[in-house]
Amino acid sequence: MKVYSTRHNGVPGSALSDIRQGYQENQNRDGSRDKKDTALSLIEDNCRAADNSFLYLLHEKNVFDKDAFNRLLDCVNTLEEGTKAVLCQLHFIQKETLKHIIYHFDPNDMSRIADLPDDYWAFLSDLEDAVGKYERMCCCDRHGF
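Presented here is an overview of the structure given in this document. (Residues numbered from 1 in each chain as written. Predicted model: local features only at pLDDT ≥ 70, side-chain atom pairs only at ≥ 80, totals over all residues. Heavy atoms only, no water.)

Now for the overall build of the protein. Helix and strand counts for the protein stand at six helices and zero strands. In the protein, the succession of helices and strands from N to C terminus is α-α-α-α-α-α. When each of the 145 residues of the protein is scored for burial, the buried share is 43%. The contacts of the protein with a sequence gap of at least 6 include a subset with a gap of at least 24, amounting to 70%. Working note: accessible area of the protein is about 8400 Å², and carbon and sulfur atoms make up 48% of it. (Helix = DSSP H or I, 4+ residues; strand = E, 2+ residues; numbered from the N terminus. Buried < 20%, exposed > 50% of the residue type's maximum accessible area, 1.4 Å probe, protein only. Contact = heavy atoms within 4.5 Å. Areas by Shrake-Rupley, 256 points an atom, 1.4 Å probe, with all protein chains shown as cover.)

Written as structure tokens, this is what we have:
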């Protein structure tokens, strides 16, 4: 069984303060967090497999929660600028999601995902597209195109 540490198995920039490096702190006048801050927090929660995050439900409960997945996907698509630290976290989430689905189909592995959609490949494709879009933002910021 995979154990998630606070360092996320060597994924750099896993602490929330490290992720926010390069992002301005944005709060609404009423003190609530903006979409970017909420998105970064949700990505961090998934990377840590925090309670009720998509990765938590997938890893600990063996449940593919479409709502949790869509919340994660919406958060990734909300971000308008990219950092390497967040990109590393997104790659980690993508890799862990893929591994769990592979384990589901491995006849020698006892792990089975409840509620795995028949069109799981479409969910993987959506995640790949969102992470790819974010990755291009990181490259564009760095190279100026």
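Structure shown, so let's carry the discussion forward.
So, about the pattern of salt bridges. Inspection of every chain in the model, using the stated rule, returns four salt bridges. The partner of Glu-44 in a salt bridge is Arg-48, with the nearest N and O atoms 3.4 Å apart. Residue Glu-44 and its partner Arg-48 are both found in helix 2 (residues 35-48); the two are separated by four residues, about one turn of the helix. In this structure Glu-44 comes out as buried when scored by relative accessible area, which is 7%. Accessibility expressed as a relative area gives 36% for Arg-48, which makes it partly exposed. Across the pair Glu-96 and Lys-99 runs a salt bridge, and its minimum N-O distance is 3.2 Å. Here the residue Glu-96 and the residue Lys-99 both occupy positions in helix 5 (residues 84-105), the gap between them amounting to three residues, near one helical turn. Residue Glu-96 is classed as buried on the basis of its relative accessible area, which comes to 1%. Shared partners join several salt bridges into a network, and the residues in it are Glu-44, Asp-45 and Arg-48. (Salt bridge = Lys/Arg side-chain N within 4 Å of Asp/Glu carboxyl O.)

Ile-43, Phe-64 and Tyr-134 are the most contacted members of the largest nonpolar core, which totals 33 residues. Contributions of two or more residues to this core are made by helix 2, helix 3 (54-60), helix 4 (66-78), helix 5 and helix 6 (120-143). At seven residues, helix 6 tops the list of elements feeding residues into this core. Ignoring sequence-local partners within four residues, the contact set of Phe-64 consists of Phe-54, Leu-58, Phe-69, Ile-101, Ile-113, Ala-114, Asp-115, Leu-116, Pro-117 and Phe-123. (Core = buried A, V, L, I, M, F, W, Y, C linked by side-chain atoms within 4.5 Å.)

Below, the discussion takes up the packing of aromatic side chains. Per the counting criterion, the structure on display carries six aromatic pairs. A ring pair is formed by Phe-54 and Phe-64, whose centres lie 5.1 Å apart and whose planes are at 80°; its orientation type is edge-to-face. Residue Phe-54 is found in helix 3, and its partner Phe-64 is found in the loop between helix 3 and helix 4; the two are separated by ten residues along the sequence. By relative accessible area, which is 3% here, Phe-64 ends up buried. The interplanar angle of 75° and the centroid separation of 5.3 Å between the aromatic rings of Phe-69 and Phe-123 together place this pair among those described as edge-to-face. (Phe/Tyr/Trp six-rings, centres within 6.5 Å; stacked < 30°, edge-to-face > 60°.)

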